[in-house]
Amino acid sequence: MLQISTGKFFEKEDLYINDGKGILYSNYSWRDSINTCVGKVEPVDNHGNISAYVFCYTNRMEKGGILVRTGDSEIIEQFKLIFSFFFQCFADPDRIAVEMNCRENKKNMNDEFLPYEFAGRNFKPKINGTIQEVQEFNVFLEKLMGLERDKYKQLVQCLEAYNNSLVALNYNFELAYSLLIYCLESISQSFDSYEPTWDDYNQREKLKLEKVFSELKEEQSEAIKDILLEDRHLKLQKRFITFITSNIDDSFFVEEAEGINVPLRKSHISQVLKNAYDIRSKYVHSLQSIMKQLKMPSIGSGEVYSWEGDPQITYKGLLRLTHHVIKNYFESQEYFELESYNWKDDLPGVVQVEFDEKFWVGKTEGFSEEHSIIKLNGFLSQLERALIYEQPLTDLTELLEIYAEKIPQSKKKHKLPMISTYMLYNLQLKEELRVSGYEKVIESNQSTLDNPSIEGLLTYAILTHELPYSVSQSEEIYLKYDKSKYKPSSVKIPKFFELLIMSSLANKFYQEGELDKYNVWLRECIVNTPGNLELQKHLITCREENSLIDIGELVSKKFLLERKQEDG
């Protein structure tokens, strides 16, 4: 929102202009006003360690809608993140948060360590600003406002992770460390100039493999190496390291390293990044704690610690490296004074939602056969609500007239959802509401459902409460559907109709004497209807009494009617 309020995305000059103010407290102290391209920072009180500022800004909104003003809290939050990041300080609208994070003494005996011991300047009790820093901040902020919108959003996500890492130092060292890795990993996603080599492979495993390769022909060992180098984790790690090293300049090792205790050397970078990436992976996947030595203030005050000759980067070193890489990367991006962008989608509180089926399921404009699955899915959702909640169905007469013409010459993958929709719609309605000539269309095309398909299984389970195919075929079809039902191109069967199919499977296995399978599918019915205790009790009774499920009773009693709608 901070970038939007600059007006770089607006196409009109007619704007709503509102002045806003926000309070920030920080351990960064500067005596004069700071004028920037997004607002003015006025010092209110810089006595003591914590300084108070008023951030005065202009909230701009292009006229043309009902919205006059929004996003003030987001403007302040994003400015706070940039302010904290650039000055390497801590800032927050809450004074107590600043005092707590920048504390000089432990709060109590449970306070394991002070964040200042591991983050240095960021949590220094008081940082005295300089005119050079303030001038460079203005340049930096203007550069950020000129970023391409997607790059700016990426920057904000990085700064949020960076800030959250600093806060996490108070309660979870591993999380704080990992968040900095996430931060760097997120901006390395678009970096493609990398390719892992055999030298990048895990050294311990590499030594073991080399012994095996020595007994193979060279072409065989090279082929195996190529396969091993396709490992996704290795590729991600290589991209991560290559991206970071390409965004480090000599100033990191010269000017910025002045006064640093045990600073990182260039020759350390690749190895410490490999180790840091592994630390993050072990924490994420197995909650493995970071090595205790890195959590000791005496070691953590430096940037590198060697264990058994292997250099490890401390939190302090990783923090400085992350700051350098983020700053370098985003400062190197192209500057856009103006940009064409649909900024309204990025306003706070704006979310995308799916339209209710009634607005599109019966529409025929621009219809193509590829829409048949989507139309079936929308109709099934409506049909479930019609049977359970007695809601009306959308009139599909016009759509089904098109179906009647297209079904005979359509491909099977389109024909199946069309005939299923056609049959379910017409055979669920009263005679007078059905499409004219429906009997002939169904009679001519019903055989399409004779070959086993999920559409056929679904259609007959709803219409007859019976399986149209052998029980083994029906089970195979349903299991295949269950594995793929979340794919975009799959039929989406509402849970009530899934229950009808699973109940039909259980009954058919019961009738054929396969009681183990009967119990398997009856259990599936029970565990896939959570929150409906009455229905579950009914099904459990069927299992205890070793009896068939009366599907007609399930439908007539509307066991799923919970007097409130829920997602299918």
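Because the structure is predicted, anything quoted here is derived from the model rather than measured.

Draft legend 1. Inspection of the overall build of the chain at higher detail. Counting its regular elements, the chain contains 22 helices and nine strands. Burial status across the chain gives 49% buried among its 568 residues. Counting contacts in the chain only where the partners sit at least 6 residues apart, residues at least 24 apart contribute 70% of the total.

Draft legend 2. Main features of helix 4 (residues 131–145). For helix 4, which comprises 15 residues, the first-to-last C-alpha distance of 22 Å matches the rise-based estimate of 21 Å (1.5 Å per residue) to within 8%. Among the residues of helix 4, Glu 133, Val 134, Phe 137, Phe 140, Leu 141, Lys 143, Leu 144 and Met 145 are the ones counted as buried. For helix 4, the elements touching its buried residues are strand 2 (28–29), strand 3 (34–35), helix 1 (72–87), helix 5 (149–168) and helix 12 (315–331).

Draft legend 3. Expanded view of the environment of Lys 358. By the secondary structure assignment, Lys 358 is in the loop between helix 12 and helix 13 (372–389). Distance in space between the C-alpha atoms of Lys 358 and Gly 378 is 8.4 Å, their sequence separation being 20 residues. Apart from the residues within four sequence positions on either side, Lys 358 is in contact with Gln 382 and Thr 394.

Draft legend 4. A look at the packing of helix 18 (residues 471–484) against helix 19 (residues 495–511). Two elements in contact, helix 18 and helix 19, have axes whose closest approach is 10 Å; the angle formed by their N-to-C orientations is 150°. Relative to helix 19, the element helix 18 is oriented roughly antiparallel. For the element pair helix 18 and helix 19, the recorded crossing hand is left-handed. Facing helix 18, whose interface residues are Val 471, Ser 474, Glu 475, Tyr 478 and Tyr 481, helix 19 presents Glu 498, Ile 501, Met 502, Leu 505, Lys 508 and Phe 509. Split by residue class, the contact of helix 18 with helix 19 holds seven nonpolar, one polar and three charged.

Draft legend 5. The packing of helix 13 against helix 19, seen in detail. At a minimum axis distance of 9 Å, the contact between helix 13 and helix 19 shows a crossing angle of 80°. Accordingly, the angle class assigned to the pair helix 13 and helix 19 is roughly perpendicular. Counted together, Leu 380, Leu 383, Glu 384, Leu 387 and Ile 388 of helix 13 and Lys 495, Phe 496 and Phe 497 of helix 19 form the full contact between these two elements. Looking at side-chain class alone, the contact of helix 13 with helix 19 contains six nonpolar, no polar and two charged residues.

Draft legend 6. Spatial organisation of helix 14 (residues 397–406). Looking only at helix 14, the buried set comprises Leu 399, Leu 400 and Tyr 403. The arc that holds the buried residues of helix 14, viewed along the axis, is 90°, so those residues lie on one side. Seen from the buried face of helix 14, the exposed residues on the opposite side, beyond 90 degrees, are Glu 398 and Glu 405. Tucked inside the fold, the buried residues of helix 14 contact helix 13 and helix 15 (412–428).

Draft legend 7. View of the sheet that holds strand 6 (residues 91–92). One open sheet accounts for five strands, arranged 3-4-5-1-6; its pairing is antiparallel. Of all the strands in the sheet, just strand 3 and strand 6 have a single pairing partner and so form its edges. Strand direction decides the pairing type here: strand 1 (residues 15–26) and strand 5 (residues 51–62), joined by 12 bridges, are antiparallel. Counted as the bridge partner of Leu 24 is Tyr 53 from strand 5. Here helix 1 sits on the sheet in contact with strand 1, strand 4 (39–45), strand 5 and strand 6, set at roughly 130° to strand 5.

Draft legend 8. Geometry of unusual backbone geometry. Unusually for a residue other than glycine, Gln 88 sits at a positive phi of about 50°. With respect to the helices, strands and loops of the structure, Gln 88 is situated in the loop between helix 1 and strand 6.

Draft legend 9. Local environment of the packing of aromatic side chains. Under the criterion given, the structure shown has 29 aromatic pairs. Counting every residue linked through ring pairs, the aromatic cluster contains Tyr 28, Tyr 53, Phe 55, Tyr 57, Phe 79, Phe 83, Phe 85, Phe 86, Phe 87, Phe 137, Phe 140 and Tyr 162. Between the NZ or CZ atom of Arg 31 and the centre of the ring of Trp 30, over which it lies, the distance is 4.8 Å. Its guanidinium or amino end placed over the ring of Phe 252, Arg 320 lies 3.8 Å from that ring's centre, counting from NZ or CZ.

Draft legend 10. View of the pattern of salt bridges. Taken as a whole and assessed by the stated rule, the structure comprises 17 salt bridges. Across the pair Glu 303 and Arg 320 runs a salt bridge, and its minimum N-O distance is 2.5 Å. Remark: Arg 320 occurs in helix 12 and Glu 303 occurs in the loop between helix 11 (297–300) and strand 8 (304–307); sequence separation between them is 17 residues. Judged by its relative accessible area of 10%, Arg 320 is buried. The residue Lys 485 makes a salt bridge to Glu 498 at a minimum N-O spacing of 3.2 Å. In this pair, Lys 485 sits in the loop between helix 18 and helix 19 while Glu 498 sits in helix 19, placing the two residues 13 residues apart along the sequence. Looking at Lys 485, the relative accessible area reads 12%, which means it is buried. Among the charged side chains, a network of salt bridges with common partners joins Glu 77, Lys 80 and Asp 92.

Draft legend 11. Structural detail: the nonpolar core. Grouped together as the largest cluster of nonpolar side chains are 91 residues, with contacts concentrated most on Phe 79, Ile 82, Tyr 315 and Ile 326. Not counting the four nearest positions on each side in its chain, Ile 82 is found in contact with Leu 2, Phe 137, Phe 140, Leu 141, Leu 144, Met 145, Tyr 152 and Leu 159.

Draft legend 12. Expanded view of a negative patch on the surface. Residues Asp 249, Asp 250, Glu 255, Glu 256 and Glu 258 make up a contiguous surface patch of negative charge. Secondary-structure assignment places Glu 258 in the loop between helix 9 (232–246) and helix 10 (269–286). The exposure class assigned to Glu 258 is exposed, which follows from its relative accessible area of 67%.

Cut-offs and rules
- Residues numbered from 1 in each chain as written.
- Predicted model: local features only at pLDDT ≥ 70, side-chain atom pairs only at ≥ 80, totals over all residues.
- Heavy atoms only, no water.
- Helix = DSSP H or I, 4+ residues; strand = E, 2+ residues; numbered from the N terminus.
- Buried < 20%, exposed > 50% of the residue type's maximum accessible area, 1.4 Å probe, protein only.
- Contact = heavy atoms within 4.5 Å.
- Expected span 1.5 Å × (residues − 1).
- Axes fitted to C-alpha atoms, helices over the stretch in contact; angles between N-to-C directions.
- Parallel < 35°, antiparallel > 145°, perpendicular 65-115°, else oblique.
- Left-handed = near helix turned anticlockwise from the far one by under 90°.
- Nonpolar A, V, L, I, M, F, W, Y, C, P; charged D, E, K, R; others polar.
- Arc of directions from axis to C-beta.
- Pairing = 2+ DSSP bridges.
- Phe/Tyr/Trp six-rings, centres within 6.5 Å; stacked < 30°, edge-to-face > 60°.
- Lys NZ or Arg CZ within 6 Å of the ring centre and 35° of its normal.
- Salt bridge = Lys/Arg side-chain N within 4 Å of Asp/Glu carboxyl O.
- Core = buried A, V, L, I, M, F, W, Y, C linked by side-chain atoms within 4.5 Å.
- Patch = residues over 30% accessible without salt bridge, like charges linked within 9 Å, V, L, I, M, F, W, Y side chains within 5 Å.
- Areas by Shrake-Rupley, 256 points an atom, 1.4 Å probe, with all protein chains shown as cover.
- Lys, Arg positive; Asp, Glu negative; His and termini not counted.
- Charge placed at Lys NZ, Arg CZ, Asp CG, Glu CD.

Distances and angles like these do not, on their own, reveal function.
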